Each structure stands twice: as structure tokens, then as C-alpha cells.
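Survey of secondary and tertiary structure
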Amino acid sequence: SDVCSSDLTARDITSSTTITAGSTNGGMCAVDSNTPPITHCRISSINFKGKEFLTVDSAAGPVRLYVSGNVSASGQAGIIHNAGSNTNPSPGNLGIFGNPLSTDPSCMANADCYSQTVTLAGVSKPAKAANLFAFFPDARVGINGGAQGAVTCDGNGECGGGDIYGAVWTKKWDGSNSNNAQLVVPRNMADILLTNYGTQFAISVRDYVGLGVNSWRGFQ
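The rules behind these values
- Residues numbered from 1 in each chain as written.
- Predicted model: local features only at pLDDT ≥ 70, side-chain atom pairs only at ≥ 80, totals over all residues.
- Heavy atoms only, no water.
- Core = buried A, V, L, I, M, F, W, Y, C linked by side-chain atoms within 4.5 Å.
- Buried < 20%, exposed > 50% of the residue type's maximum accessible area, 1.4 Å probe, protein only.
- Helix = DSSP H or I, 4+ residues; strand = E, 2+ residues; numbered from the N terminus.
- Contact = heavy atoms within 4.5 Å.
- Salt bridge = Lys/Arg side-chain N within 4 Å of Asp/Glu carboxyl O.
- Arc of directions from axis to C-beta.
- Pairing = 2+ DSSP bridges.
- Axes fitted to C-alpha atoms, helices over the stretch in contact; angles between N-to-C directions.
- Phe/Tyr/Trp six-rings, centres within 6.5 Å; stacked < 30°, edge-to-face > 60°.
- Polar contact = N/O pair within 3.5 Å; in protein donor to acceptor, adjacent residues only side chain to side chain.

1. Observations concerning the nonpolar core
In this structure, I19, L54, L65, L120 and L132 are the most contacted members of the largest nonpolar core, which totals 32 residues. Listed by contribution, the elements that provide at least two residues to this core are β4 (39-48), β5 (53-57), β6 (63-67), β7 (71-73), β9 (94-97), β10 (116-120), β13 (130-143) and β16 (164-176). Ranked by the residues each element gives to this core, the list is headed by β13, at 7 residues. With residues up to four places along the chain from it excluded, the contact list for L120 reads V71, I79, L132, A134, V141, G142, I143, N144, I164 and V168. Of all hydrophobic cores here, the second largest spans 12 residues; its members include F133, W169, M189 and Y197.

Here's what the structure looks like:
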């Protein structure tokens, strides 16, 4: 990337906010020279509740959010990812990245040692899963569930709906505060990760979440 993080002003998101690809979004984002251009945004923390939404429009290119603090979504708050009029864009076009894995040997091997806590959610009104890829190698991540209807699958085994549509890689999976949170992984998610993020995100098992894997480190 030709974007320097020092050029960006990290921002706390504490109320409904829209991030638009191709824009500086008030100085917290920069656009690189890739084709299509990728919009990179620095975020200190995300904390919203009630009916507050983080809306990301990736019509002009992929968006990547780099979050250094905690992420909290409670109530009916959640993430909306659209691409202009397309309300079901590829989850590869919205990546949310957390802190790198600690280099402290005593912490690396301890699942209860992490630097971030993250709660992700789609939205309930209108019912919409959050299409995204979340990569939090030094965090505890869960879902604020119950916002969406049941997952539906077609005859080819391709499913939709749920709270999160995409993939979540994290150090510790914390489940959900609801008994019906649903993470739906597209059948081609491995291809999506390889195409959007390169070989370091390539994996050899297609149905990795379905197999019960709870640590991205198992594939490194």
C-alpha cells in the first residue's frame, strides 16, 4: 500500500457513522493507488448502541478499517455494508483488522491473554447481515446475536442471512450473548480471502468454520 498510517487521524466511532470508499471521510481515511483503489481508515474504537449504525459504502472500491481499541455493538446497533444500490456486496470488500498478535511468549500461548474485546453485529431493521471479513489475531470476538432471521440455504448449499456473512478470524471466539447468533460463511470464502488479501490469508480447508476451527493460527 502507498498509504502511510501517520497521514490519518484515528477516530472514535460512538454514534451512527457512514464511511464511503474513495473519500477521506473527515481525515480518518486515505485512498491508495490500487486498481480498484482501496480506502484505508484508522479507528481508535467503535462503541455504539440502540439503533446506531456503522454504514460502509464500498461502491468505489474495497474498504479496510484498522481498529486499535475495542468494538462494542449492543441493542439493535450494527454494521451495514452496501455497495451503492447493491445491498449484498462481497464480504471481501469490507475488512476490519485489529491489533497484531502479542509477541510476549507468555501471552502468545494463552487464549485468555488479548488486547481487544470485539462484539460484531448485523442490523435488525432492516434485517441485514454484516457482510465482512474480520481479522483480530489478539482479541476476544463474539456476536451480538438475535438481530437476524434464520439462515436459509439453497439446493447448492449456498446460504444467506444470519448476523455475520463472511468470516471471522480471532485469537479467542466468545460466541454470543444470544442463543441464536449465526455466522454464515460463503462457500467460496477461501477464494475471496486469497483474491482480496493475498497468499498470507490463503487456507487449505474450504469449510474451516463449519469444521469448528476457533483459531486462525491453526492455518499459518
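2. Remarks on the pattern of salt bridges
As enumerated under the stated definition, the model contains 3 salt bridges in all. D112 is the salt-bridge partner of K172, the closest N and O atoms lying 2.4 Å from each other. Taken together, the positions of K172 in strand β16 and D112 in the loop between α1 (105-108) and β10 put the pair 60 residues apart, joining distant regions of the chain. Since its relative accessible area comes to 25%, K172 is described here as partly exposed.

3. Digging into helix α2 (residues 189-197)
Looking at α2, one finds that the buried residues are M189, A190, I192, L193 and Y197. Taken end-on, α2 shows its buried residues confined to a sector of 160°, consistent with a single buried face. The exposed residues of α2 that point more than 90 degrees off its buried face are D191 and T195. Buried residues along α2 sit in contact with β6, β9, β13 and β16. G198 sits one or two positions beyond α2 and adopts a positive phi of about 95°.

4. Let's talk about the sheet that holds β5
As summarised here, the arrangement of the 3 strands in space is β2-β5-β8, forming an open sheet in which the pairing is parallel. Each edge of the open sheet is held by one strand with a lone partner, namely β2 (17-20) and β8 (78-82). With strand direction ignored, the average angle separating the axes of adjacent strands in the sheet is 15°. Pairing geometry for β2 and β5, over 4 bridges, is parallel. In the sheet register, T20 faces β5, and the bridge partner there is D57.

5. Side note on the packing of aromatic side chains
The tally for this structure, following the rule as stated, stands at 13 aromatic pairs. Both rings, one in F97 and one in Y197, keep their centres 5.7 Å apart while their planes meet at 70°; by these two values the pair is edge-to-face. Placement of F97 in strand β9 and of Y197 in helix α2 is noted, with a sequence separation of 100 residues between them. Accessibility assignment for this pair places F97 and Y197 in one class, buried.

6. Some details on the side chain of N25
Note that N25 resides in the loop between β2 and β3 (29-31). N25 gets classed as buried once you look at its relative accessible area, which sits at 12%. At 2.9 Å, the side chain of N25 forms a polar contact with the backbone oxygen of S23. If near-sequence neighbours (up to four positions away) are discounted, N25 is found in contact with R11, T18, I19, T20 and T39.

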